[in-house]
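Working through the structure, step by step
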Amino acid sequence: MLARKSIIPEEYVLARIAAENLRKPRIRDRPRKARFIAKNGACNLAHKNIREQGRFLQDIFTTLVDLKWRHTLVIFTMSFLCSWLLFAMMWWLVAFAHGDMDPSTENPSNSTKWTPCVTCVRSFTSAFLFSIEVQVTIGFGGRMMTEECPLAITVLILQNIVGLIINAVMLGCIFMKTAQAHRRAETLIFSRQAVIAVRNGKLCFMFRVGDLRKSMIISASVRIQVVRKTTTPEGEVIPIHQVDIPVDNPIESNNIFLVAPLIICHVIDKRSPLYDISASDLALQDLELIVILEGVVETTGITTQARTSYVAEEILWGHRFVPIVTEEEGVYAVDYSKFGNTIKVAAPRCSARELDEKPSILIQTLQKSELSHQNSLRKRNSMRRNNSIRRSNSMRRTNSSLIVPKVQFITPEGSQSASET
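Everything numeric here is computed off the predicted structure, so don't read it as measured data.

Basis of the calculations
Residues numbered from 1 in each chain as written. Predicted model: local features only at pLDDT ≥ 70, side-chain atom pairs only at ≥ 80, totals over all residues. Heavy atoms only, no water. 1 Å grid on protein atoms, 1.4 Å probe; cavity = no way out; pocket = protein on both sides within 12 Å on 5 of 7 lines; lining within 4 Å. Points joined across faces, edges and corners; volume = space filled by probe spheres on them. Helix = DSSP H or I, 4+ residues; strand = E, 2+ residues; numbered from the N terminus. Nonpolar A, V, L, I, M, F, W, Y, C, P; charged D, E, K, R; others polar. Buried < 20%, exposed > 50% of the residue type's maximum accessible area, 1.4 Å probe, protein only. Pairing = 2+ DSSP bridges. Salt bridge = Lys/Arg side-chain N within 4 Å of Asp/Glu carboxyl O. Phe/Tyr/Trp six-rings, centres within 6.5 Å; stacked < 30°, edge-to-face > 60°.

Here's the deal with empty space enclosed by the protein
Under the criterion given, the structure shown has one cavity of 30 Å³ or more. Its volume calculated, the largest cavity comes out at about 40 Å³. K202, L203, I268, Y275, A352, L355 and D356 together form the lining of the largest cavity. Those elements that place two or more of their residues in the lining of the largest cavity are β3 (202-211) and α10 (352-357). For the lining of the largest cavity, the element with the most residues is α10, which contributes three residues. Of the residues in the lining of the largest cavity, the class split is five nonpolar, no polar and two charged.

What follows is the structure, encoded as structure tokens:
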């Protein structure tokens, strides 16, 4: 390195490196767009600067259901604890106002008979225990109501009503959180990638959907939306422009019978946003295809929704899903290990518009695929033939090595006798 520096001037080396860097094309990766819907169905959206926070309190039940579990459990515990403390204070005040806290009433004289409002309530601790017994209807038998104070009877009725309301709201909230619709959507799966291939002479966008549970989804329907950033002719920028695209379904009601995994197909025609997109243009497109599966859970009757999305990098051009449903001993078996597997098939690389304008492209593509398939079959057959010939030759060599040569024996009389051993 020192010898080179002594021979070549440093200024020349720096100038040459700068010239080489200028000649090399600089390839910059396109900034990856944020997904609107994640693969697990979660919406990638953050709500900020909400000034009218009071609207969430107007729908308090939905707010409680939407909270996280740790917040729900804290509210559940604090609601009961606060109600017990509140009514414990009320019971203590009733006992104090009636004079039950007076030490002279603990051992009354025989001539004067003292009747307290609540027996055995001599402190705030005993009032708190009595409040718990009243609200949760435990009743250990030591503390009990008497007919001496009408105010105490009113407090008892009020506490029972408040306790029933708290039980109904909090238990209903916990039940709704455990039976939420998105819990059932966890067993509705989509293929990790989508494909574009030729089906029935048309370019089609396809993906696979399946249900892991035996209990089916009733009246299941699939919708597809394309989300992209668009600009109107007036110059208005729409960051999330949603366009519905039709799903190819032979049933007029657009419902699917999701008893086994199905391949959902969208025909790329003039109504499709993918009509002008070719295989080379797909990687440059800034679009996201959102898939929404809706239906009613058979066991609970609750409407559920499962979502996923496919961006341009997750769409395979010229691929097809492998079949995973087979009939085994009179039963249709589904192999979920091949749920997202695809195979490469012949498909034109042009857009659907060019394919409609020049139908010969599809014919030429299919002919080329047929020729390549025949050539692969010939090569396979020739390889099998060569292998069979090699095996037969090896077997012949083996058999020839096992043959024992003929040996001649000479008798004393001079006659020769040949025998094989």
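There's more to say after this.
Thoughts on the pairing of strand β2 (residues 194-199)
Taking burial as the measure, the six residues of β2 include five buried ones, the bulk of the element. Pairing of β2 with strand β10 (residues 315-317), which is carried by three bridges, proceeds in the parallel orientation. In the strand pairing of β10, A194 is matched with I315. Pairing geometry for β2 and β3, over five bridges, is antiparallel. When the sheet's bridge partners are listed, V198 is paired in β3 with L203. The hairpin formed by β2 and β3 contains two residues between the paired strands, and N200 there has a positive phi angle of roughly 55°.

Some details on the pattern of salt bridges
Counting across every chain of the model gives seven salt bridges. Salt-bridge contacts for D356 lead to K202; the nearest nitrogen and oxygen are separated by 3.8 Å. Within this pair, whereas D356 is found in helix α10, its partner K202 is found in strand β3, the two being separated by 154 residues in sequence. Residue R353 pairs with D276 through a salt bridge whose shortest N-O separation is 2.4 Å. Note that R353 is positioned in helix α10 and D276 in the loop between β7 (262-267) and α9 (279-282), a separation of 77 residues in sequence.

Section: the packing of aromatic side chains
Taken as a whole and assessed by the stated rule, the structure comprises eight aromatic pairs. The interplanar angle of 65° and the centroid separation of 5.1 Å between the aromatic rings of F76 and F80 together place this pair among those described as edge-to-face. On the criterion of helical spacing, the pair formed by F76 and F80 is a turn pair, its members being four residues apart in helix α5 (residues 69-98). For F76, a relative accessible area of 22% corresponds to the partly exposed category. Among the residues examined, F80 registers a relative accessible area of 11% and is labelled buried. On the basis of an interplanar angle of 40° and a centroid distance of 5.9 Å, the ring pair of F207 and Y310 is categorised as tilted.

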